[in-house]
Amino acid sequence: MLTGLMQSGFTNMAAAVAAIPIHPTSASTISDSVDHLYYFLTAITLFFTFGIFTTIFYFMVRFRRRSPDEQPADTKTHMALELTWTIVPTLITVVIFVWASSLYFENSRPPEAATEVFVVGKQWMWHIQHPEGPREINELHVPVNAPIKITMTSDDVIHDFYIPAFRVKKDAVPGRYTSIWFQATKIGTYHIFCAQYCGADHAEMIGWVYVMSPTDYAAWLSGGARSESMAQTGERLFTQFGCITCHVADNTGRGPSLVGLYGKPEKLRNGDMKLVDEALIRQAIVTPNSIILPNYPPIMPTFQGQINEEQVLQLIAYVKSLGTEERKTNGK
Amino acid sequence: MSTTVIPELPGQEIPAESRVNYLNASYGVKSWLLTTDHKRIALLYLGSITLMFFVGGFFAVLMRLHLIEPQGALVAPETYNKLFTMHGVIMVFFFLVPSIPATLGNFLVPMMIGARDLAFPRLNLLSWYIYIIGAAFTLYAVISGGVDTGWTFYTPYSSTFSHTSVIPTALGVFITGFSSILTGLNFVVTIHKMRAPGLTWFRLPLFIWAMYATSIIFILGTPVIAITLFLLGLERLLHIGIFDPAIGGDPILFQHMFWFYSHPAVYIMILPGMGVMSELITCFSRKRIFGYTFVAFSSLAIAIISFLVWGHHMFVTGQSIYAGLIFSVLSFLVAIPSAVKVFNWTATLYKGSISYDAPMLYALGFIGLFTMGGLTGLFLASLATDVHLNGTYFIVAHFHYIMVGGAVMAYLGGIHFWWPKITGRMYPDGWARFAALVIFVGFNLTFFPQFVLGYLGMPRRYAVYPTEFQVLNVMSSAGASILGIGYLIPLIYLLWSIRYGPIAGPNPWGAKGLEWETPSPPPTENFEEIPVVTADAYDYANVGGSRV
Ligand SMILES: [Cu+2]
Ligand SMILES: [Cu+2]
């Protein structure tokens, strides 16, 4: 009976050990390649740790002190050996560096065709907006096998948007836009974690990514209360905040026309050339004093504190939707 | 050598108590609080950092208890956040940074170079008082409700959003920094100016080289953390906007400044441990260190390169890809000198005469754990894997392997090695070896599962967590309880040994350093006559001879 108990105890223990998870779900186009590098590094670690440990144990036994007044002979510094164990690790790190960096390089470049999604971190929630209109909190619905680019910022402190199953993460920093991209390869539900400590409920700032088949995703997009697109919301805000009084499409207002603004370089009054991207438009709205154009009086009021980060993103979506045709502004 | 030298020392036969030494030269609280003897100051530090270690450890125990349950077994999330913050602040700034330099370093630097004291004895006492004032501010912060920013104090959370005692804590850390600067200055001047006749640079024990390298970082790095915390205080009190994007500031700037100090600080914590290692390995294998110059210069290389790698903490902040590449390559570079040291220590054992005394067990534990800690650093220096592992338990495991597996192991090894010199007494060897084993097992059980947790994606600083992470968390907590007991055992037998331990004699290990050429405990002036050095350090092959 005792042996029976012990046996079942052992099988239980074995089952418990086998149940310990050791590998995270892998569900994006980059996750396997990151894992391969991880395994390589694990192999290196095991090799050296094991090597050093066995050498030490061997020496400890082989060269243990056999009598209290034992006196080993002197050894001289061995130049060739010193050079070997300086150069070999250096070469190994070069290999790791090249591998890791080229992979990172690839993983950092979103494909042109990526669908954009916008994320704003706010103590202690993730606010997510799709350009088509749907907005979600702590949930992100995406289609499988399609590249998704996430542009994010924060309304308060630094957060970090982390999807372990996709091996991607990036800080959401107040005052700037950062981005990641991924392409999910498996339909399923995966964790979103906040990976940068952000206060009391940091550990509750978690959510789920739902990776759906293209048809399910299309149904999800069109389902529910059909909301307006981000650009449409932005257009409403453009009127509501009075931007329209100064920024008129035919350039007859006190401010420049914003038609055709996005995506082109422009010259500021201080001579700087700047590419007009999301970050610059955000800066123009939040701290207009820092973006002064030649030929315009610096009269644009700041909207800081009146417009939250999500609304800024909607205004940007609207400005972007104004097209890319040749821009009409005062003078040249 | 011990057998031949002992008869030359008249103090040997007389019990330690009846001979005048630095411990019994004068009595009373005042004689301690106003002492300028580097050995007594070392003991003042030893007492205070031991206290801080157990306070910080107590917070860690509470954290691990809390994490037994996914929904948190013990405290509210706000309290948990304070626990890990206070644990980090106390362990880093009030234990690890001063640990070896302020205790063993203070005690040994003059003794190892054949001097009677440090160059500036009163400055040395002042540095202890500064430490105490800093610690008092921080402990006040604990009592007044705690602080919850993480030991990293990241803005804008710390500057604008946290409602806890950020200012007293930051002030405490700010003040304590000056004690490090003074200690560093004192060591540099002492090592330059007060070496015994014949003790050239390349005859110095490697512990001295390590102290020298550490002092450089103290002097160059600590002012930066002081400035950083000063700006944080200004921002919090006056809202000057330097870290606030709403008025044109930049929260990431804080991270640059913080890590510019705090990465080198990692080496402040580990370099002294490496110095201790070289002393222990040579003594317990009766060998000259293998590759003296390589070990010595690798300390300096580490000290210098460590100032150029701070950006590896910020790969996922939106740092440019190219900056990432540079910080990555430099981080790999700083790993090489550490690897060189490990190989040289291992090679020192070759054809030695190895004994398994307690200090040696700690030393061997150090090599293993430090190797793992260092190698797992490669995962974080590699950009592609860092993206996944940054901010997870993998980081927690990695730096505990370096800081606890490395620095604390070396510290304990050093304490066990020099304890007979410091107190004149031996501790029970069996207990000491047993404790080393318990600590080694407890440590690995605590922190190894955290590597796996991190790879699975569990973020650090989580008061609650998804249930799939529970098994590994329970394992880690079980390990922590073993580790906690492992740390209590030495506390007990070391205290016991002060009164009841057998008399140690001047050189119980048959070691070669100058500190072993004088009675234990040493007289106040360290040496009756300043020794003249005629041989290299670790001259173990010179049978029976003394370096003096
Ligand atoms: Cu968070
Ligand atoms: Cu670092």
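If you're wondering where the values come from, they're calculated on a predicted model, not measured in any experiment.

Participant: Explain the nonpolar core to me, and be specific about the residues and the numbers.
Facilitator: Residues A:Leu140, A:Phe161, A:Phe166 and B:Phe366 are the most contacted members of the largest nonpolar core, which totals 245 residues. Dropping the residues within four chain positions of it, B:Phe366 is found in contact with B:Ile270, B:Gly273, B:Met274, B:Met277, B:Trp345, B:Thr371, B:Gly405, B:Gly406, B:Ala407, B:Met409 and B:Ala410. Judged by nonpolar contacts, the second largest core, of 28 residues, contains A:Val120, A:Ala231, A:Leu261 and A:Tyr318.

Participant: So what about the packing of helix α9 (residues 206-238) of chain B against helix α11 (residues 292-305) of chain B? Which residues, and what values?
Facilitator: Residues and elements named next belong to chain B. One can describe the packing of α9 onto α11 by two numbers: an axis separation of 9 Å at closest approach and a directional angle of 10°. Viewed along their axes, α9 and α11 adopt a mutual orientation that is roughly parallel. Between α9 and α11, the residues in contact are Leu 206, Trp 209, Ala 210, Tyr 212, Ala 213, Ile 216 and Ile 217 and Tyr 292, Val 295, Ala 296, Ser 299, Leu 300 and Ala 303, respectively. Among the residues making up the contact of α9 with α11, the classes are represented as 12 nonpolar, 1 polar and no charged.

Participant: Mind laying out the domain arrangement of chain A, listing which residues take part and the relevant values?
Facilitator: Residue and element names in this part refer to chain A. We note that the domain assignment places domain 1 (115-223) and domain 2 (230-330) within chain A. Computed over C-alpha atoms, the centres of domain 1 and domain 2 are 27 Å apart. Residue-level contacts link 16 residues of domain 1 with 12 residues of domain 2. Carbon and sulfur atoms supply 52% of the area buried between domain 1 and domain 2, which totals about 1,200 Å² over both sides. Of all residues in domain 1, Phe 118, Gln 129 and Tyr 177 give up the largest surface area on contact with domain 2, accounting jointly for 46% of the area buried on that side. Run the count over domain 1 and domain 2 and you get 3 salt bridges. Notably, a salt bridge pairs Glu 116 with Lys 320, separated by 3.1 Å at the nearest N-O pair. Taken together, the connections running from domain 1 to domain 2 amount to 6 residue pairs in polar contact (both at pLDDT 80 or more). Residue assignment for the side of domain 1 that touches domain 2 shows that the elements contributing at least two residues are β1 (115-122), β2 (125-129) and β5 (147-154). Residue composition of the side of domain 1 that touches domain 2, by class: 4 nonpolar, 7 polar and 5 charged.

Participant: How would you summarise the sheet that holds strand β4 (residues 139-143) of chain A if you had to cite specific residues and measurements?
Facilitator: Think of a sheet as strands paired side by side through backbone hydrogen bonds, with each pair either parallel or antiparallel. All names here are of chain A. Pairing is mixed across the open sheet formed by 5 strands, whose spatial order is β4-β10-β9-β6-β7. Single-partner strands in this sheet number two, and they are β4 and β7 (168-172). Going across the sheet, the axis of each strand differs from the next one's by a mean of 20°, ignoring polarity.

Participant: How would you sum up the interface of chain A and chain B? Please name residues and give values.
Facilitator: Chain A puts 88 residues into the contact, and the matching count from chain B is 94 residues. Both faces combined, the contact of chain A with chain B buries some 7,900 Å², and carbon together with sulfur accounts for 69% of it. A per-residue breakdown of the area chain A buries against chain B is headed by A:Arg65, A:Tyr104 and A:Tyr197, which together make up 10% of the total. The interface formed by chain A and chain B includes 2 salt bridges. Of the charged contacts, one joins A:Arg176 and B:Asp250 as a salt bridge, the two residues approaching to 2.9 Å between their closest N and O atoms. At the boundary of chain A with chain B, the tally comes to 24 residue pairs in polar contact (both at pLDDT 80 or more). Counting only elements with at least two residues in the side of chain A that touches chain B, the list comes to α2 (31-62), α3 (79-108), β6 (159-163), β7 and β9 (188-194) of chain A. Among the elements that make up the side of chain A that touches chain B, the one with the highest residue count is α2(A) (18 residues). Per-class residue counts for the side of chain A that touches chain B are 47 nonpolar, 23 polar and 18 charged.

Rules behind the numbers
- Residues numbered from 1 in each chain as written.
- Chains lettered and ligands numbered in written order.
- Predicted model: local features only at pLDDT ≥ 70, side-chain atom pairs only at ≥ 80, totals over all residues.
- Heavy atoms only, no water.
- Core = buried A, V, L, I, M, F, W, Y, C linked by side-chain atoms within 4.5 Å.
- Buried < 20%, exposed > 50% of the residue type's maximum accessible area, 1.4 Å probe, protein only.
- Contact = heavy atoms within 4.5 Å.
- Axes fitted to C-alpha atoms, helices over the stretch in contact; angles between N-to-C directions.
- Helix = DSSP H or I, 4+ residues; strand = E, 2+ residues; numbered from the N terminus.
- Parallel < 35°, antiparallel > 145°, perpendicular 65-115°, else oblique.
- Nonpolar A, V, L, I, M, F, W, Y, C, P; charged D, E, K, R; others polar.
- Domains from an automatic or database assignment.
- Buried area = accessible area lost by both parts, 1.4 Å probe.
- Salt bridge = Lys/Arg side-chain N within 4 Å of Asp/Glu carboxyl O.
- Polar contact = N/O pair within 3.5 Å; in protein donor to acceptor, adjacent residues only side chain to side chain.
- Pairing = 2+ DSSP bridges.

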